[in-house]
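Notes for the structure review
Listed below, chain by chain, are the residues.
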Amino acid sequence: MRWFRNASVVAVAVAATLGLAACGGGSDSGDKPAAQGKGGAPIVVASFNFTDSQILAEIYAQALEAKGYPVTRKLNLGSRELIYPSLKSGELQFIPEYQGAAITTGFGKEAGKTAQEEHDQLAKLFEPSGVGLLDFAAAEDKNTYIIKSDLAKEKGIASISDLKKLDKVVMAGPPECEKRLPCFQGFKDVYKLTNATFQTIQEAGPRVEQLKSGAVTVIPVDSVSPLTGDSNYTVLKDDLNIVPTENVVPAVNKKVLDERGADFATAVNAVSAKLTTDVMRDLNKRVDSDGEKAADVAKDWLSQAGL
């Protein structure tokens, strides 16, 4: 999910993981010679702490390595609250982002209505920090809400608005969800679900188990989650659009973009051009349901895609 652990929970672990001196340069290392072309210090590719992000980071990292660019991976790090300072300082240099969530969660702004509007908006928000965007992909990974299909059929529930038909609605999610508009806050403020309460369950697995048991009514999952295609669950239509579009976009330190040049941007954009939501759903299933490694499924897809 893109709803992440609180900063206080994982700040120490993330600081240790980053290894500031080991990250290989950044936007504040002006005394170092420019790493023109494909040589120089490794490009530090990062990911958030959920499956989809780790797969995407592996895809871009391996595609760059195949073109001769050195890469260092810093994966499974945590939330934007923890990653953004290191991205802006140049300690982390490349992360596959999600446009809508980056705008609303990363910068606290209301996202645009289309992917292009979001891209233009996010580029302006990142610009003062020395971070640039490359092309966005068609692939989206956005928060989606599911309930049990037997309940949906029994009560005629197809949308979030339809949850008003129930006497009681319990949403289970990570703690951040409760106060975020694209999550439970939107259920209260936009959908006006006066029958809804929130229960904090940090990890995805226990949330699903609580949904299965009927202890909770609805949970947020990624749109690329295998659960969205499981007949036991019904995906609720977000009929009042509390969740923005979430197209994948590479956010890259501008110094790296300048030093590596047009060939680097072309290599990254070629990957984004072939990423679709269906591709990401399949790759996520291979990791989450089938137990394969993110690096292996990334390698397979890149080979099949001719990248």
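Residues numbered from 1 in each chain as written. Predicted model: local features only at pLDDT ≥ 70, side-chain atom pairs only at ≥ 80, totals over all residues. Heavy atoms only, no water.

1. A look at the overall build of the protein chain
Check the secondary structure of the protein chain and you find eleven helices and ten strands. Sorting the 307 residues of the protein chain into buried and exposed places 53% on the buried side. For the protein chain, contacts bridging at least 24 residues in sequence account for 77% of all contacts bridging at least 6. When the accessible surface of the protein chain is split by element, carbon and sulfur atoms take 50% of a total near 13,000 Å². (Helix = DSSP H or I, 4+ residues; strand = E, 2+ residues; numbered from the N terminus. Buried < 20%, exposed > 50% of the residue type's maximum accessible area, 1.4 Å probe, protein only. Contact = heavy atoms within 4.5 Å. Areas by Shrake-Rupley, 256 points an atom, 1.4 Å probe, with all protein chains shown as cover.)

2. Comments concerning the nonpolar core
Counting residues in each nonpolar core, the largest one holds 59 residues, and the members touching the most others are Ile 59, Phe 94, Phe 126, Phe 264, Leu 275 and Trp 301. A per-element tally of this core places helix H2 (residues 51-66) first, with eight residues. Apart from the residues lying within four places of it in its own chain, the contact partners of Ile 59 are Val 271, Leu 275, Leu 283, Ala 298, Trp 301 and Leu 302. (Core = buried A, V, L, I, M, F, W, Y, C linked by side-chain atoms within 4.5 Å.)

3. Description of the confidence of the model for the protein chain
Within the protein chain, residue pLDDT values average 87, and 88% of them lie at 70 or more. Predicted confidence is poor over residues 3-35, with pLDDT under 50, and the contacts of this stretch with residues over four places away or in other chains come to 64 contacts. (pLDDT = per-residue confidence, 0-100.)

4. Focus on the state of the cysteines
Applying the stated criterion across every chain yields a total of one disulfide. Sulfur-sulfur distance for the disulfide between Cys 177 and Cys 183 comes to 1.9 Å. As the torsion about the S-S bond is roughly -85°, the Cys 177-Cys 183 disulfide counts as left-handed. Each of the two residues, Cys 177 as well as Cys 183, counts as buried. (Disulfide = S-S within 2.5 Å.)

5. Some points on the sheet that holds strand S8 (residues 219-222)
As summarised here, the arrangement of the three strands in space is S8-S5-S9, forming an open sheet in which the pairing is antiparallel. Each having just a single partner strand, S8 and strand S9 (233-236) make up the two edges of the open sheet. Neighbouring strand axes in the sheet, compared pairwise and without regard to direction, differ in orientation by 45° on average. Note that strand S5 (residues 143-148) and S8 share four bridges and pair antiparallel. Opposite Thr 144, over in S8, you have Val 221 as the bridge partner. (Pairing = 2+ DSSP bridges. Axes fitted to C-alpha atoms, helices over the stretch in contact; angles between N-to-C directions.)

6. With respect to the side chain of Thr 144
Examined against the element boundaries, Thr 144 turns out to sit in strand S5. Using a relative accessible area of 11% as the deciding quantity, one classes Thr 144 as buried.

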